[in-house]
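Each chain, letter by letter, is given below.
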Amino acid sequence: MLETICEVMLDAYKRNWITSRDGNCSIRYQDRDHFYITPSGVRKQTLQPDQFKKIGIERGYYDQPPRLQYSHRELDYTQISSNLRPSGELPLHFGLQREIVDDTRVVVHVHPTYCIAAMHADIDLSTISRSFPELNRYTRVAPTVGDVAPISQELADWCHNNLGLDSGGNIQYNIVGIRGHGVVTVDTTPWRAYEHIERLEHICRIVLASGVKC
Ligand SMILES: [Zn+2]
């Protein structure tokens, strides 16, 4: 599926949803204690599966009383990837991948034009979804995250919170917008995740064309 992620990121680039080195994606298979994440700063037009970073997930009980805590560390993968760093949005992906439920989990982060334009125009993406049943039917849109710095723990925490992530890895929504920045979407395959973005982007374009704020 890493090849499919490369196709998805190339498609996002062709749609102007990212510039060359933007965007990131991760995937975890249900029965593995690691996940793969796109490397930092690699051009998405030429992204290859052997460039991905492999990240191990570790659990431990610390503090008194003991409390389950998670940490991550880079694992050996390929020669090429050993010279690369993981995406700067690793905290965002790690939080969504450290516990998963039932199936493969894919997390995609890109910067779709009309989603960002709608948020810039003070339109809450979760409000839009209520007015358009075709969006609502397949894609659950979370309340928008406000202005937070990219590649920060704060961005990760707000995205986890607004997506409705619980300690067992359940997630309430499929996609969340980050004001002035982009979207994060979660599903079981790269293309399924991508379709949430496509659907929301399409509706945002229509809403902006109408000039009505929903
Ligand atoms: Zn971004």
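Structural data are supplied above this passage.
Keep in mind that this is a model prediction, so the values were computed, not measured. (Residues numbered from 1 in each chain as written. Predicted model: local features only at pLDDT ≥ 70, side-chain atom pairs only at ≥ 80, totals over all residues. Heavy atoms only, no water.)

Novice: Is there a simple way to think about the pattern of salt bridges in this case?
Specialist: When the charged atoms of two side chains lie near each other, side chains of opposite charge can form a pair. Under the criterion given, the structure shown has 13 salt bridges. Among the ionic pairs, Asp31 bridges to Arg32, the shortest N-O distance being 3.6 Å. Of the residues examined, Arg32 reaches a relative accessible area of 34% and is grouped as partly exposed. Residue Glu99 pairs with Arg59 through a salt bridge whose shortest N-O separation is 3.4 Å. (Salt bridge = Lys/Arg side-chain N within 4 Å of Asp/Glu carboxyl O. Buried < 20%, exposed > 50% of the residue type's maximum accessible area, 1.4 Å probe, protein only.)

Novice: I tried to follow the packing of helix 1 (residues 2–14) against helix 8 (residues 190–210) on my own but got confused; where do I start?
Specialist: Relative orientation and spacing of two packed helices are given, respectively, by the angle between their axes and the distance between those axes. Two elements in contact, helix 1 and helix 8, have axes whose closest approach is 9 Å; the angle formed by their N-to-C orientations is 20°. In terms of orientation, helix 1 and helix 8 fall into the roughly parallel class. For the pair helix 1 and helix 8, the crossing hand works out as right-handed. Contacts between helix 1 and helix 8 involve Thr4, Ile5, Glu7, Val8, Asp11 and Ala12 from the first element and Pro190, Trp191 and Tyr194 from the second. For the contact of helix 1 with helix 8, the class distribution of residues is 6 nonpolar, 1 polar and 2 charged. (Axes fitted to C-alpha atoms, helices over the stretch in contact; angles between N-to-C directions. Helix = DSSP H or I, 4+ residues; strand = E, 2+ residues; numbered from the N terminus. Parallel < 35°, antiparallel > 145°, perpendicular 65-115°, else oblique. Left-handed = near helix turned anticlockwise from the far one by under 90°. Contact = heavy atoms within 4.5 Å. Nonpolar A, V, L, I, M, F, W, Y, C, P; charged D, E, K, R; others polar.)

Novice: Hey, could you run me through the sheet that holds strand 6 (residues 175–178) in this one?
Specialist: The strand order across the open sheet formed by 7 strands is 4-3-2-1-5-7-6, and the pairing between neighbours is antiparallel. The open sheet has two edge strands with one neighbour each: strand 4 (67–75) and strand 6. The sheet shows a mean angle of 20° between the axes of neighbouring strands, direction not considered. Across 9 bridges, the pairing between strand 3 (residues 53–62) and strand 4 is antiparallel. Considered in strand 4, the bridge of Arg59 is made with Tyr70. The sheet contacts of helix 7 (residues 153–163) involve strand 6 and strand 7 (182–187), and relative to strand 6 the element is tilted by about 140°. (Pairing = 2+ DSSP bridges.)

Novice: Just checking my understanding: could you explain the state of the cysteines for this structure?
Specialist: Cysteine pairs can be covalently joined through their sulfur atoms, and such a bond is termed a disulfide. The tally for this structure, following the rule as stated, stands at 0 disulfides. Between Cys115, a free cysteine, and Cys204, which holds the nearest cysteine sulfur, the sulfur-to-sulfur gap is 4.2 Å. Under the relative-accessibility criterion, Cys115 is labelled buried at 0%. For the unlinked cysteine Cys159, the closest cysteine sulfur is that of Cys115, found at 13 Å. Classification of Cys159 as buried rests on a relative accessible area of 0%. (Disulfide = S-S within 2.5 Å.)

Novice: It is not clear to me how helix 3 (residues 90–97) should be interpreted in this structure. Could you clarify?
Specialist: Each α-helix winds once per 3.6 residues, and so residues spaced three or four apart point in a common direction. With 7 of 8 residues buried, helix 3 lies mostly within the body of the structure. If you check which residues of helix 3 are buried, you get Leu90, Leu92, His93, Phe94, Gly95, Leu96 and Gln97.

Novice: Is there a simple way to explain the environment of Tyr29 in this structure?
Specialist: Looking at where Tyr29 falls in the secondary structure, it is placed in the loop between strand 1 (24–28) and strand 2 (34–37). A residue is classified by how much of its surface remains accessible, and Tyr29, at 21% relative accessible area, is partly exposed. For the pair Tyr29 and Tyr138, spaced 109 residues apart in sequence, the C-alpha separation works out to 23 Å. In this structure Tyr29 touches Met1, Tyr36, Ile100 and Thr104, once residues within four positions along its chain are discounted.

Novice: Honestly, the environment of His72 in this entry has me stumped. Any pointers?
Specialist: Structurally, His72 is set in strand 4. Discounting chain neighbours no more than four positions away, the residues touching His72 are Ile55, Gly56, Leu90 and Phe94.

Novice: Could you clarify how one ought to interpret the environment of Leu155 in this entry?
Specialist: Looking at the secondary structure, you find Leu155 in helix 7. Assessed through its relative accessible area of 0%, Leu155 is described here as buried. In sequence terms Leu155 and Thr139 are 16 residues apart; their C-alpha atoms lie 22 Å from each other. Not counting the four nearest positions on each side in its chain, Leu155 is found in contact with Glu89, Leu92, Val148, Ala149, Pro150, Ile178 and His181.

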